[in-house]
Amino acid sequence: MRILILGINHAPEPVGIGPYTAGAVAALAAAGHEVQLVTAKPYYPGWAHAPGCSGTLYSRETRGRTTIWRCPLYVPRQPSGARRVAHHLSFALAALPPMLAAAARFRPQLVLTVAPCLLSVPVAKLAARIAGAPLWIHVQDFEVEAAFATGLLEGAGPLARLAHAFEAMALKSAHIASSISPQMCRRLEQKGVPAERVVEFRNWAELDTITPLGVPSGYRSEWGLGNRHVALYSGNIANKQGIEILVEAAHRLAHREDIVFVICGEGPNRARLEARAAALTNVQFHPLQPAERMGALLGLASVHLLPQSAGAADLVLPSKLANMLASGRPVVATAAAGSGLACEVEGCGLVTPPGDPAAMAEAIATLIDDGLRSEAMGVAARRRAEARWSRRAILDGFVAQVEAVAA
């Protein structure tokens, strides 16, 4: 079959949505389908064009059954709300020519677009109409609600009403709409997508390459951590995470010489976070680590940290959670009771209220001081990853659903 995919993020971006779009494309190609992908030049998570990507406006590469078109886009150095809108709009406009060309020449049997960015849905819809193909919208996060909930966009007036109306119109235009958790799938239904059109398509864990370490991680000696317990955060450093709570929790545990906070990541809030932690001796910052060393990095943790702001509950489900669980280490997450994140972590760690650094610090200390409980939760975390986050099972199900819809 011929599948056309539109998504702003793709490999070689190491974290976020990119690896999952790349995995879906690879799975479709491995199943024998022809795939054309229209994506942006890589920029995430550093919010800067990757080296070597600032030459020609458009580029095209072919790998076996897959053709990848890369489009130019505006990348703000400090991605405020208005600048993010401009960023997404620039991609939607740049994606229009290759999407229309693919619709006319490639004649896809299915058009799939990934949100974010939602502003590119009309482009995908037009391509689907030209090709006479169904449209599938895959929602990685509800960007409109998340933007207002986390303060990227402000106001409850005409702007908010217009944004929500556009979101509803875009989502209801899909023949199929999918998202990454049961709670987010229910939210699609609440936004007007008929239940029979909603499917779950989870992100996955790298169960083969990320396994519980039986020996100390090599990062201990590299970063001079000694025998201290590590409270680890690795990933994007942005608004949706409510990540400032990590520094506040570190303040509360500064007297514990046996605990060190390690924060690995890039993002628009990193400089601000480093400034807030400047006086602390129990916090280390490091850049994102290579994908081939992710197992050693996640195995460094005594406890994984997964902050999420209160407003982002069930608007996003952090993709990093799957690999945290796969590493066989307990998780301390900030999440509202009953939210999707809280349900995923239950039994595999502790959940504390968003915006409560004292509760997070107490949970970290509890798990570190109770070795037996921590070990049991780590074992449960690995089992949950195997049961719910298997790459092979998730992608096999996705390919089967794509084949059914495209047929």
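What you see is a predicted model, and the numbers here were worked out from it, not measured in a lab.

Draft legend 1. Examining the overall build of the chain more closely. Counting secondary structure elements, the chain contains 15 helices and 14 strands. Taking 2.2 N^0.38 as the reference for a compact globule, 407 residues should give roughly 22 Å; the C-alpha atoms of the chain span a radius of gyration of 21 Å, in line with that estimate. Counting the 407 residues in the chain, one finds 58% classified as buried. In the chain, 73% of the contacts between residues at least 6 apart in sequence involve partners at least 24 apart. As displayed, the chain has an accessible area near 16,400 Å², and 55% of this comes from carbon and sulfur atoms. Taking the average place of the 38 positive charges on the side chains of the chain and the average place of its 32 negative ones, the gap between the two points comes to 7 Å.

Draft legend 2. Expanded view of the sheet that holds strand S11 (residues 283-286). Spatially, six strands are ordered S11-S10-S9-S12-S13-S14 in an open sheet, and the strand pairing comes out parallel. Edge positions in the open sheet fall to S11 and strand S14 (349-352), since each of these has one partner strand only. Taking each pair of neighbouring strands and ignoring which way they run, the sheet shows an average axis angle of 20°. In the sheet, strand S12 (residues 303-306) pairs with strand S13 (residues 331-334) via three bridges, with the strands oriented parallel. Within the sheet, the bridge partner assigned to histidine 304 lies in S13 and is valine 331. This element, helix H8 (residues 244-252), spans strand S9 (229-234), strand S10 (259-264), S11, S12 and S13 of the sheet and lies at about 165° to S10.

Draft legend 3. The state of the cysteines, seen in detail. Using the criterion set out here, one finds zero disulfides in the structure. Between cysteine 117, a free cysteine, and cysteine 71, which holds the nearest cysteine sulfur, the sulfur-to-sulfur gap is 11 Å. Counting only cysteine sulfurs, cysteine 343 is the nearest neighbor of cysteine 348, a cysteine outside any disulfide, at a range of 12 Å. The buried category is assigned to cysteine 348, whose relative accessible area is 0%.

Draft legend 4. Geometry of the pattern of salt bridges. The tally for this structure, following the rule as stated, stands at 17 salt bridges. As a salt-bridge pair, glutamate 145 and arginine 187 come within 3.0 Å of each other at their nearest N and O atoms. With glutamate 145 in helix H4 (residues 143-149) and arginine 187 in helix H6 (residues 182-190), the pair connects residues that are 42 residues apart, well separated along the chain. Through salt bridges with shared partners, a single network forms among Glu145, Glu167, Arg187 and Lys191.

Draft legend 5. Region of interest: unusual backbone geometry. Residue proline 12 is reached from alanine 11 by a cis peptide bond, and omega for that bond is 15°. Its place among the elements puts proline 12 in the loop between strand S1 (2-6) and helix H1 (18-30). Each neighbour pair has its own omega, and for proline 116 with cysteine 117 the value is 15°, a cis peptide bond. Mapped onto the elements, cysteine 117 comes out in the loop between strand S5 (110-115) and helix H3 (121-131). Even without glycine at this site, tryptophan 47 takes up a positive phi of about 50°. The class for tryptophan 47 is buried, based on a relative accessible area of 7%. The backbone of arginine 107 sits at a positive phi, close to 50°, despite the residue not being glycine. Given a relative accessible area of 37%, arginine 107 falls into the partly exposed group.

Draft legend 6. Summary view of the packing of H8 against helix H13 (residues 357-369). Axis separation between H8 and H13 bottoms out at 8 Å; the angle between their running directions is 65°. The handedness of the crossing between H8 and H13 is right-handed. Packed against H8, whose contacting residues are Ile245, Leu246, Glu248, Ala249 and Arg252, the element H13 presents Pro357, Ala358, Met360 and Ala361 at the interface. Residues belonging to the contact of H8 with H13 are distributed by class as follows: seven nonpolar, no polar and two charged.

Draft legend 7. Summary view of the sheet that holds S1. Pairing is mixed in the open sheet, where eight strands are placed in the order S3-S4-S2-S1-S5-S6-S7-S8. Pairing within the sheet leaves two strands with one partner each, and these edge strands are strand S3 (59-63) and strand S8 (198-200). On average, adjacent strands in this sheet sit at an angle of 20° to one another, irrespective of strand direction.

Draft legend 8. Focus on the packing of H13 against helix H14 (residues 371-388). Interaxial distance between H13 and H14 falls to 5 Å at its minimum, and their mutual angle equals 95°. By the angle between their axes, H13 is roughly perpendicular relative to H14. Counting all contacts with H13, which are made through Thr366, Leu367, Ile368 and Asp369, the residues of H14 involved are Gly371, Arg373, Ser374 and Met377. Here the contact of H13 with H14 is composed, by residue class, of three nonpolar, three polar and two charged.

Draft legend 9. Looking closely at the environment of arginine 197. Residue position: arginine 197 is located in the loop between H6 and S8. Taking the C-alpha atoms as reference points, arginine 197 and serine 178, 19 residues apart in sequence, are found 8.2 Å from one another. Among all residues touching arginine 197, those that are not within four sequence positions of it are Lys172, Ala174, His175, Ile176 and Ala177.

Draft legend 10. The arrangement of H13 in detail. Over its 13 residues, H13 extends 18 Å from the first C-alpha to the last, a length consistent with the 18 Å expected when each residue adds 1.5 Å. Considered for burial, the residues of H13 that qualify are Pro357, Ala359, Met360, Ala361, Ala363, Ile364, Ala365, Leu367 and Ile368.

Draft legend 11. Representation of the packing of aromatic side chains in the model. Using the criterion set out here, one finds seven aromatic pairs in the structure. Pairing tyrosine 43 with tyrosine 44 gives two aromatic rings, centres 6.2 Å apart and planes at 80°, and the pair type is edge-to-face. Per residue, the accessibility class of tyrosine 43 equals that of tyrosine 44, and both read buried. An aromatic cluster is built from Tyr43, Tyr44 and Trp47, whose rings are joined through pairwise contacts. The lysine or arginine in question, arginine 202, covers the ring of tryptophan 389, its NZ or CZ lying 4.6 Å from the ring centre. Its guanidinium or amino end placed over the ring of tyrosine 219, arginine 293 lies 4.0 Å from that ring's centre, counting from NZ or CZ.

Rules behind the numbers
- Every residue gets a number counted from 1 within its own chain, in the order that chain's sequence is written.
- Since the coordinates come from a predicted model, pLDDT governs what is reported: local features require at least 70, and pairs of side-chain atoms require 80 or more to be given and counted, while whole-chain, interface and lining totals use all residues.
- Excluded from the side-chain calculations are hydrogens and water; all other atoms, namely the structure's heavy atoms, are used.
- Secondary structure elements follow DSSP: runs of H or I no shorter than four residues count as helices, runs of E no shorter than two count as strands, and numbering proceeds from the N terminus.
- For the radius of gyration, the atoms used are the C-alpha atoms, and the globule rule reads 2.2 Å times the number of residues raised to 0.38.
- Only protein chains enter the calculation, and the probe is 1.4 Å; a residue is then buried if its accessible area is under 20% of its type maximum, exposed if over 50%, and partly exposed in between.
- Contacts: residue pairs with any heavy atoms within 4.5 Å of one another.
- Note on areas: Shrake-Rupley, 1.4 Å probe, and residue coverage restricted to the protein chains presented here.
- Positive charge is attributed to Lys and Arg, negative charge to Asp and Glu, and no charge count is given to His or to the chain ends.
- All charge positions are set by atom: Lys at NZ, Arg at CZ, Asp at CG, Glu at CD.
- Think of it this way: DSSP has to see at least two bridges between two strands before they count as a pair.
- A fitted line through C-alpha atoms represents every axis, and for helices the fit uses only the stretch in contact; the resulting angles, taken between N-to-C directions, go from 0 to 180 degrees.
- To count as a disulfide, a pair of cysteine sulfur atoms needs to be within 2.5 Å.
- Just to be clear on terms, a salt bridge is a Lys or Arg side-chain nitrogen sitting within 4 Å of an Asp or Glu carboxyl oxygen.
- Here is the rule for handedness: rotate from the far helix to the near one, and if that takes an anticlockwise turn smaller than a right angle the crossing is left-handed, while a clockwise turn gives right-handed.
- Side-chain classes follow a simple rule in which Ala, Val, Leu, Ile, Met, Phe, Trp, Tyr, Cys and Pro form the nonpolar group, Asp, Glu, Lys and Arg form the charged group, and the remainder, Gly included, forms the polar group.
- Between 65 and 115 degrees an angle is taken as roughly perpendicular, under 35 as roughly parallel, over 145 as roughly antiparallel, and anywhere else as oblique.
- Expected helix span is given by 1.5 Å per residue-to-residue step, counting one fewer step than there are residues.
- Only Phe, Tyr and Trp rings are paired, with Trp represented by its six-membered ring, and only when their centres lie within 6.5 Å; those with planes under 30 degrees apart are stacked, over 60 edge-to-face, the remainder tilted.
- A ring has a charge above it when a Lys NZ or an Arg CZ is no more than 6 Å from the ring centre and no more than 35 degrees off the ring normal.

Such coordinate-based values are descriptive only and should not be taken to indicate function.
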